[in-house]
Structure formats: C-alpha cells, structure tokens
Amino acid sequence: RQHLYVHTLVTVRRYDASAAARLTPEARRLYERASFGPQSVAELSAHSGVSLGVTRVLLEDLAATDHVEINEDTYNSPYDHRLLKRVIDGLREFA
C-alpha cells in the first residue's frame, strides 16, 4: 500500500462506464470525479462527499485494480513550491 497525502494527485487514464457501474456508490463518485482530470486526494474527498479516511482507502483500492493512477512523485515534500502555488491560487479563488 502506498501512503496518500492530501496533496497527492489522482487521475483516470481512460474512463470505463461498465467498470464504474460495478463500483460501490462512494468509489464510483471518486472514480467519476477523478476522470475529469488530475485532482488531489483532498479535492476528490471534498467534491465527492466522502470522508478523507474513506477516500484514501477507496483510492488505494481503485489504484490496486488499475482504475485510477496515483502520481506519487508530484510533490516530494509538503513544502514543494508547486504545492504552495496551488494552495495560494486556491485561496485567491475564495477572495
């Protein structure tokens, strides 16, 4: 199992509607949301209405079955300048 940070990016390479139909409702929401493009674990959790802990477990399961791709190398540190820029940009949206 891989550790998923809140800033870890997740995406779906190729959406499969028949695979989505076989998933639990929570996993399906995460899978469908991730198919829109790369999103962080925290974004997927918030937009899908699934708690962060459950989101992490479901995403790990979805990755194990090749439904989603987890980009572990996106941010090597929580202080990575790219992550900080995303945080700042997100805060600006609220202003």
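Model, not experiment: these values are computed from the prediction.

Caption draft 1: How the structure looks around the nonpolar core. Of all hydrophobic cores here, the largest spans 18 residues; its most connected members are Val10, Leu30, Tyr31, Leu44, Leu59, Leu62 and Val68. Counting residues per element, the ones that place at least two in this core are helix H2 (25-34), helix H3 (41-48) and helix H4 (52-64). For Leu62, the residues in contact, after removing those within four places along its chain, are Leu23, Ala27, Leu30, Tyr31, His67 and Val68.

Caption draft 2: A look at H4. The terminal C-alpha atoms of H4, which comprises 13 residues, lie 18 Å apart, in line with the 18 Å expected from a rise of 1.5 Å per residue. Along its buried surface, H4 packs onto strand S1 (9-11), H2, H3 and strand S3 (69-71). Count one or two residues on from H4 and you reach Asp66, which has phi positive near 60°.

Caption draft 3: Quick look at the packing of H2 against H3. In contact at an axis separation of 10 Å, H2 and H3 are set at 120° when each is read in the N-to-C sense. The orientation of H2 with respect to H3, classified from their angle, is oblique. Note that H2 runs across H3; the crossing there is right-handed. Here Arg29, Leu30, Arg33 and Ala34 of H2 come into contact with H3, specifically with Leu44, Ser45, His47 and Ser48. A class-by-class count of the residues in the contact of H2 with H3 yields 3 nonpolar, 3 polar and 2 charged.

Caption draft 4: Quick look at the layout of surface pockets. Taken as a whole, the largest pocket spans an internal volume of roughly 450 Å³. For the largest pocket, the lining is made up of 14 residues, of which Ser40, Glu43, Arg86, Val87 and Gly90 are closest to its centre. Going through the elements one at a time, H3 and helix H5 (81-94) are the ones with two or more residues in the lining of the largest pocket. When residues in the lining of the largest pocket are grouped by element, the largest group, 8 residues, is from H5. Among the residues forming the lining of the largest pocket, the class breakdown is 6 nonpolar, 4 polar and 4 charged. Approximately 180 Å³ is the volume found for the second largest pocket. Lining the second largest pocket are Val12, Arg13, Arg14, Asp16, Ala19, Tyr31, Ala63, Asp66, His67, Val68 and Glu69. For the lining of the second largest pocket, the class distribution of residues is 5 nonpolar, 1 polar and 5 charged.

Caption draft 5: Structural view of the packing of aromatic side chains. Here the structure, examined in full by the defined rule, presents 1 aromatic pair. With centroids separated by 5.1 Å and ring planes inclined at 25°, the aromatic side chains of Tyr15 and Tyr31 adopt a geometry described as stacked. Taken as a pair, Tyr15 in the loop between S1 and helix H1 (17-21) and Tyr31 in helix H2 lie far apart in primary sequence, 16 residues in all. Judged by its relative accessible area of 37%, Tyr15 falls in the partly exposed class. Judged by its relative accessible area of 1%, Tyr31 falls in the buried class.

Criteria and thresholds
Residue numbers here run from 1 along each chain, matching the order of that chain's written sequence. At least 70 in pLDDT is required for a residue's local features to be given in this predicted model, at least 80 for side-chain atom pairs to be given and counted, and no such filter applies to totals for whole chains, interfaces and linings, which use all residues. Heavy atoms from the whole structure form the basis of all side-chain values; hydrogens and water molecules are not counted. Residues belong to a common nonpolar core when they are buried Ala, Val, Leu, Ile, Met, Phe, Trp, Tyr or Cys residues joined through side-chain atoms within 4.5 Å. Type-normalised accessible area, obtained with a 1.4 Å probe on protein chains alone, sets the label of each residue: buried when under 20%, exposed when over 50%, and partly exposed for intermediate values. Strands are runs of DSSP state E lasting at least 2 residues, helices are runs of H or I lasting at least 4, and numbering of each runs from the N terminus. Contact definition: two residues touch when any of their heavy atoms are within 4.5 Å. By this rule, a helix spans an expected 1.5 Å times one less than how many residues it contains. The axes used here are C-alpha line fits, helices contributing only the stretch in contact, and every angle between their N-to-C directions lies in the interval 0 to 180 degrees. We call two directions roughly parallel when the angle between them is under 35 degrees, roughly antiparallel when it is over 145, roughly perpendicular when it lies between 65 and 115, and oblique otherwise. Should the near helix be turned anticlockwise from the far one by less than a right angle, the crossing is termed left-handed; should it be turned clockwise, right-handed. Following the grouping adopted for this structure description, the nonpolar residues are Ala, Val, Leu, Ile, Met, Phe, Trp, Tyr, Cys and Pro, the charged ones are Asp, Glu, Lys and Arg, and the polar ones are all others, Gly among them. Only protein atoms enter the 1 Å grid used here, on which a cavity is any set of points holding a 1.4 Å probe that cannot leave and a pocket is any open set flanked by protein within 12 Å on both sides along at least five of seven lines; residues with an atom within 4 Å of a point are listed as lining. Grid points are joined across faces, edges and corners, and a volume is the space filled by probe spheres set on the points. Ring pairs shown here join Phe, Tyr and Trp side chains whose ring centres sit within 6.5 Å, with only the six-membered ring taken for Trp; geometry is labelled stacked below 30 degrees between planes, edge-to-face above 60, and tilted in between.

The analysis is restricted to geometry; functional conclusions fall outside its scope.
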